[in-house]
Amino acid sequence: MGVDGYYPTLIALWLLPLAGAILNWTFGPQLRRTAGPLASGVIGASFVATLWLWRDATQHLASGGVDLVGAHQALFSWIPGFDFGLLLDPLALLWTLIITGVGFLIHVYSIGYMDGDTAFARFFAYMNFFVFAMLTLVLSDNFVGLLVGWGLVGLASYFLIGFWFFKPTAVAAARKAFVINVVGDVGIMFAIFAIFASVHSLSFADAFAYADSYATPWLFVICLCLFIGAAAKSAQIPLHTWLPDAMEGPTPVSALIHAATMVTAGVYLVARCAPLWSQNGNAQVLVGTIGGLTALLGAILGCAQWDIKRILAYSTMSQIGYMIMGVGVGAYEGGVAHFFTHAFFKAQLFLASGLVIHALHDEQDVRRMGGLLKKLPFAFVAIATGVLAICGIPGFSGFFSKDQVISGALAHGYPWLYTLGIVTAGITAYYMCRLLFVTFLGSYRGQVDPSDLGMRHPELAGTSHSAGAMAQDSHEEHAANAEWFMIVPVAILIPFSVFIGWIMLGGESSPWARFFAEQFPHPALPQPPVSEGLTGLITFAVVLVGIGIAYVRYATANAQQNAVERLRSESIHMPGILTNAFYFDAALDLLFVRTSEALGRFFGRYLDPHVLDGAVRETVISAQWLGALTRSFQTGLVRSYAFILVFGAACFIAYYAIVAGGVR
Amino acid sequence: MNAMTVPLANYIALSAVIFFIGVAGVIVRRNPLIMLMSIELMFNAANLLFAAFARAWLHNAGHIFVFLVITVAAAEAAIGLAIVVTVFRSAKTVDVDDVALMKG
């Protein structure tokens, strides 16, 4: 699939983060403050290496009738058919740029955000390990390497969500994320089995070269199993319940893992296996529908959240739904474009909300915010531009990518997904502007009594960092220096969220389309009923409606004055179905958790003591019985021994006299 | 000598009866001396058989064998009595059932 060669920079790119992780793990206590810059420097070096390899990653070579794109570094051959290597083609290059680039910015941000935490070095070790794992996932040239990376990012996520392990909620959230991800791992494993059974090889090149030779039912099964994995990792319905709880981790973690990179691994998987999906229409319908439904569900639930990070979490779920819908219906460039722009504006939103949380001493509930426009102007600008980007205001990056996904759905023949996308865009605009208005407008509500705001569990609202703050030395000392580490990365991200979309302008001849010209299949499509330009206008109109509703509810002068009243009323009257997230958690609890516990109890109380122990005890008892029986012959009485003697002799004689015809 | 007036079968029957009386005595009686006497009975039954056949077949080996058996029986009785005296000196009973030390 790629041009074979020796690419030491590629190997260095891949292994440097691992080296950084090992250094931070081993020498954490010695490194102290330098752990942050060391870890960031390592990722920065990987980013530079990626840029260095740009030309190699986009090279084309027509060799023996096959088009080779990108750089392929063979690593080792385990057994014939199991060759492991690294592949850096345009798709992998895009993901690597985001992982190392945005990853670098988030590492630098973390130097400021995690300042004062006692486990400073451990955090950066985990972050570097995550980058290494994610790179393994996207750079592998075969399914097994991808699965290895898949599992390792799940592990890194577990480490980082449960970073503040003295918080029971964080530990529970980490475990939940990991268990749900394992379901996905199993799906991918079965898909690998099926692929190997069909083509007897595990490399992408072989699996896709014979894409048209798979038996159709098997192809659907493979795509289904792969998608189970993608759904678990990318928080799609019904395996999405771990993502909101994953916000227990520190904000940089939420930004890097649960917004920009790890959760997009599912999108990468579908995009990478585009040749398989393009052969099977049923699989495309499945993926597109689930993506669309998740987008809608995430948006609806985002309207009901009060924790700033949870709003962003549901927003992530919804936007990934868009990406999955895009790559599912066959609009690969569109889905991947949305991943690209989303990485920037979502990371920006998370990091800027981290600024707000930090400034308010770990308050995360937006009901207790308000009036921050004057206090935190930079955070306002950052979040406002992020909101404009995610809403898809024309000119901002989100507009171009979302438009590609929505019109792609129509062009590939899914009008109901098209409608869903437009409606969801409107809802997205509503709840994101709700976040912006409630957080920044009006007057500061931090002094208001929580019950007046309708908060039922004020002690649960954002106590994450304060637990780590217990181990802090003087907060004020670090405040000034740490601020810069947090502000500069956000400042760098802002122009990207605003302007990066312009490279997608121009349809077929845009730089974006040309970058992926060789990567994805481009079937001939009929002219869609609604042109892309008109779609953009319709979407914009719906978005304006959403913004308008949010404005009327939260931003008018009247609304700002009566903010406390309105927020309390909204909290109290929030429908149960929304606060319980459509009862997915309850359903999973009933179906799986309770069943497993009951099964465990049954095994522990009945099966184990009675059946298994019983079998062992039975063997002992029968041995004892047999022994007792045999022992009964040993009476110790001379007379019974004599009797037996006589009896035996009589039998012998009887035999010879009667049966054997006498002794001659 | 004249021919035997008593048929051979009678001698065999008598010998069998005496033998089984001896066996019954060994199995049923509990006194070790009586058991030894019963064993002597069995020996004598065998002896009777030897003598009868030696006369019936006019073969002198049978008569010689009777002497051998008598000697062996005497020796065996002596040793048997010695064992009985030794064992029952410590057991202090003359009941064979009470020296069931090999029980179990």
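Residues numbered from 1 in each chain as written. Chains lettered and ligands numbered in written order. Predicted model: local features only at pLDDT ≥ 70, side-chain atom pairs only at ≥ 80, totals over all residues.

1. What to know about the overall build of chain B
Note the threshold: A run of H or I in DSSP becomes a helix once it reaches four residues, and a run of E becomes a strand once it reaches two; helices and strands are each numbered from the N terminus. The size measure is the radius of gyration over C-alpha atoms, and the globule rule it meets is 2.2 Å times the number of residues to the 0.38 power. To sort residues by burial, count the other C-beta atoms lying within 10 Å of each one's C-beta; a count of 20 or more means buried, 12 or fewer means exposed, and anything in between means partly exposed. C-beta atoms are built from the backbone. Two residues form a contact once the distance between their C-beta atoms, set from the backbone, is within 7 Å.
Counting secondary structure elements, chain B contains 3 helices and 0 strands. For chain B, the α and β elements follow one another from N to C terminus as α-α-α. Here chain B has a C-alpha radius of gyration of 18 Å; the compact-globule value for 104 residues is 13 Å, and the former is much larger. When the backbone C-alpha atoms are referred to their principal axes, chain B occupies close to 55 × 25 × 20 Å. Looking at chain B as a whole, 11% of its 104 residues qualify as buried. In chain B, the share of contacts with a sequence separation of at least 24, taken over all contacts with a separation of at least 6, comes to 46%.

2. A look at the overall build of chain A
Looking only at helices and strands, chain A features 30 helices and 5 strands. Dimensions of chain A along its principal axes, counting C-alpha atoms only, are 125 × 70 × 55 Å. By the burial criterion, 50% of the 664 residues in chain A qualify as buried. Taking as baseline every contact in chain A between residues at least 6 positions apart, the subset at least 24 positions apart corresponds to 81%.

3. Remarks on the nonpolar core
Residue and element names in this part refer to chain A. For the record, the criterion: Throughout this description, the term nonpolar core refers to a group of buried Ala, Val, Leu, Ile, Met, Phe, Trp, Tyr and Cys residues whose C-beta atoms join them within 7 Å.
Counting residues in hydrophobic clusters, the biggest one holds 207 residues, and the most contacted among them are Tyr 126, Phe 130, Met 134, Leu 226, Val 270, Ala 347 and Ala 409. Counting residues per element, this core draws most heavily on helix α6 (residues 120-139), which supplies 17 residues. Sequence-distant contacts of Met 134, defined by excluding residues within four places in its chain, comprise Ile 99, Gly 149, Val 153, Thr 261 and Met 262.

4. Describing the environment of A:Phe193
Its place among the elements puts A:Phe193 in helix α8 (residues 168-199). Considered as a pair, A:Phe193 and A:Trp25 are 168 residues apart in the sequence and their alpha carbons are 35 Å apart.

5. Some details on the sheet that holds strand β5 (residues 83-88) of chain A
Residues and elements named next belong to chain A. As a reminder of what qualifies: Pairing between strands is defined by DSSP: at least two bridges between them are needed.
Sheet architecture is open: 3 strands sit in the order β1-β4-β5, paired in mixed fashion. Taken across any chain shown, the strands that pair with only one partner, and hence form the sheet edges, are β1 (3-4) and β5. Of the strand pairs in this sheet, strand β4 (residues 71-77) and β5 are connected by 6 bridges, and their pairing is antiparallel. Note on β5: the bridge partner recorded for Ala 74 is Gly 85.

6. Section: helix α25 (residues 532-555) of chain A
Put simply, the rule reads: A helix is expected to span 1.5 Å multiplied by its residue count minus one.
Over its 24 residues, α25(A) runs 32 Å from end to end, which matches the ideal 34 Å to within 8%, given 1.5 Å per residue. Contacts from the buried residues of α25(A) go to α19 (377-391), α20 (397-411), α21 (415-440) and α26 (557-561) of chain A.

7. Side note on the interface of chain B and chain A
Interface size is commonly expressed as the accessible surface area that is lost when the partners come together. As a reminder of what qualifies: Classification convention: Asp, Glu, Lys, Arg as charged; Ala, Val, Leu, Ile, Met, Phe, Trp, Tyr, Cys, Pro as nonpolar; all other residues, Gly among them, as polar.
Residue-level contacts link 10 residues of chain B with 10 residues of chain A. Within the side of chain B that touches chain A, the residues separate by chemical class into 7 nonpolar, 1 polar and 2 charged.

8. A few points about the pairing of β4(A)
Across 2 bridges, β1(A) lies against β4(A) in parallel orientation. The residue of β4(A) that forms the bridge with A:Asp4 is A:His72.

9. Structural notes on the confidence of the model for chain B
Counted only if it meets this: A score from 0 to 100, pLDDT tells how confident the predictor is in each residue.
On average, chain B scores 91 in pLDDT, and the residues at 70 or more come to 95%. The complex model carries a pTM of 0.80, and its ipTM stands at 0.83.

10. Comments concerning the confidence of the model for chain A
Residue-level pLDDT values for chain A average 87, and 95% of them are 70 or greater. Throughout residues 462-478 of chain A the model reports pLDDT below 50, and contacts reaching past four residues in sequence, or to other chains, amount to 23 contacts.

11. Brief notes about unusual backbone geometry
The amide bond that connects A:Ile237 to the next residue, A:Pro238, takes the cis arrangement and shows omega of -5°. Looking at the element boundaries, A:Pro238 is found in the loop between α10 (216-233) and α11 (242-245). Positive phi, close to 55°, is recorded for A:Ala235, a residue that is not glycine. Tracing the chain through its elements places A:Ala235 in the loop between α10 and α11. In the Ramachandran plot, B:Lys92 falls in the positive-phi region, its phi being about 65° despite a non-glycine side chain. On the secondary structure map, B:Lys92 appears in the segment after α3 (61-91).

12. Here we look at the packing of α21(A) against α25(A)
Residues and elements named next belong to chain A. Spelled out, the test is: To get an axis, fit a line to the C-alpha atoms, keeping to the stretch in contact for a helix; angles then go from 0 to 180 degrees between the N-to-C directions. Oblique is the label for any angle not under 35 degrees, not over 145, and not in the 65 to 115 range, which are roughly parallel, roughly antiparallel and roughly perpendicular in turn. Less than a right angle of anticlockwise turn of the near helix away from the far helix marks a crossing as left-handed, whereas a clockwise turn marks it as right-handed.
Contact pair α21 / α25: the axes reach a minimum separation of 7 Å and the direction vectors enclose 30°. Considered as vectors, α21 and α25 are oriented roughly parallel to each other. Every pair of crossing elements has a handedness; the one defined by α21 and α25 is right-handed. The segment α21 lies against α25, with Ile 422, Ala 425, Gly 426, Ile 427, Ala 429, Tyr 430, Cys 433, Arg 434, Phe 437 and Val 438 engaging Ile 538, Thr 539, Val 542, Val 543, Val 545, Gly 546, Ile 547, Ile 549, Ala 550, Tyr 551, Tyr 554 and Ala 555. Residues that form the contact of α21 with α25 fall into these classes: 18 nonpolar, 3 polar and 1 charged.

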